[in-house]
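Working through the structure, step by step
If you want the building blocks of each chain, they are given just below.
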Amino acid sequence: GAVVSQHPSWVICKSGTSVKIECRSLDFQATTMFWYRQFPKQSLMLMATSNEGSKATYEQGVEKDKFLINHASLTLSTLTVTSAHPEDSSFYICSAAWPAGKNEKLFFGSGTQLSVL
Amino acid sequence: AQSVSQHNHHVILSEAASLELGCNYSYGGTVNLFWYVQYPGQHLQLLLKYFSGDPLVKGIKGFEAEFIKSKFSFNLRKPSVQWSDTAEYFCAVKGNYGQNFVFGPGTRLSVLP
């Protein structure tokens, strides 16, 4: 089956530093990947849609200069949280859509727990 | 805009009880429907999906869901739950014409041994 690898699974950083999270599709090519944020006991909040070779599409209220997304290849998307602050602490999840078309499904990474001190 | 609602925030059942989790969506066009499950400490995984055809779909681990178009519903069922079914369950909808996936708020299921 389609596997999505997300790394790191857990990161602690100091306030003001930047953190990069990687999302890889291991056995398929993903034109589109999604980045979500999940607060404790709440649903997934879509942050942005990452399209290979083009700029990401951000949801309303998500700061694109703070959450930098790069989708340089069909198997890798990265989310960089720039100048992180404690309020950015959260669980970040990526997913990749496959196969393209009307039978598209989402396959999820295992998530990254970010704690900003 | 698409939206998804799930009827229950937290459901508590004893083992062997029957389960039904409600999911309703709002969208005027043709949709694909999904149930995803998130076991404690694990990533989300697909439980079952409906694209077309038989509105009663069967998924893994004995789960099934029925798409009722007239009610815009896609309820998840299992005749007899197990302790290992304890998890968070998310209903999701995707329009057939390039729209994003939209997730419901989730239902936490706790199965007591």
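Residues numbered from 1 in each chain as written. Chains lettered and ligands numbered in written order. Predicted model: local features only at pLDDT ≥ 70, side-chain atom pairs only at ≥ 80, totals over all residues. Heavy atoms only, no water.

Attention now moves to the sheet that holds strand S7 (residues 67-73) of chain A. Residue and element names in this part refer to chain A. Spatially, four strands are ordered S1-S3-S8-S7 in an open sheet, and the strand pairing comes out antiparallel. What marks the edges here is a single partner per strand, and that holds for strand S1 (4-7) and S7. Here the strands of the sheet are splayed against their neighbours by 15° on average, with no regard to which way each runs. With five bridges connecting them, S7 and strand S8 (residues 76-81) associate as antiparallel partners. Residue pairing across strands places Phe 67 opposite Val 81, the latter belonging to S8. (Pairing = 2+ DSSP bridges. Helix = DSSP H or I, 4+ residues; strand = E, 2+ residues; numbered from the N terminus. Axes fitted to C-alpha atoms, helices over the stretch in contact; angles between N-to-C directions.)

Turning next to the interface of chain A and chain B. Listed as interface residues are 20 residues of chain A and, on the opposing side, 19 residues of chain B. Of all residues in chain A, Lys 41, Lys 105 and Phe 108 of chain A bury the most surface against chain B, accounting for 29% of the area lost on that side. Counting every contact that joins chain A to chain B gives one salt bridge. Taken together, the connections running from chain A to chain B amount to two residue pairs in polar contact (both at pLDDT 80 or more). The set of elements that each furnish at least two residues to the side of chain A that touches chain B consists of strand S4 (32-38), strand S5 (44-51), strand S9 (90-98) and strand S10 (105-108) of chain A. Residue classes in the side of chain A that touches chain B are distributed as eight nonpolar, seven polar and five charged. (Contact = heavy atoms within 4.5 Å. Buried area = accessible area lost by both parts, 1.4 Å probe. Salt bridge = Lys/Arg side-chain N within 4 Å of Asp/Glu carboxyl O. Polar contact = N/O pair within 3.5 Å; in protein donor to acceptor, adjacent residues only side chain to side chain. Nonpolar A, V, L, I, M, F, W, Y, C, P; charged D, E, K, R; others polar.)

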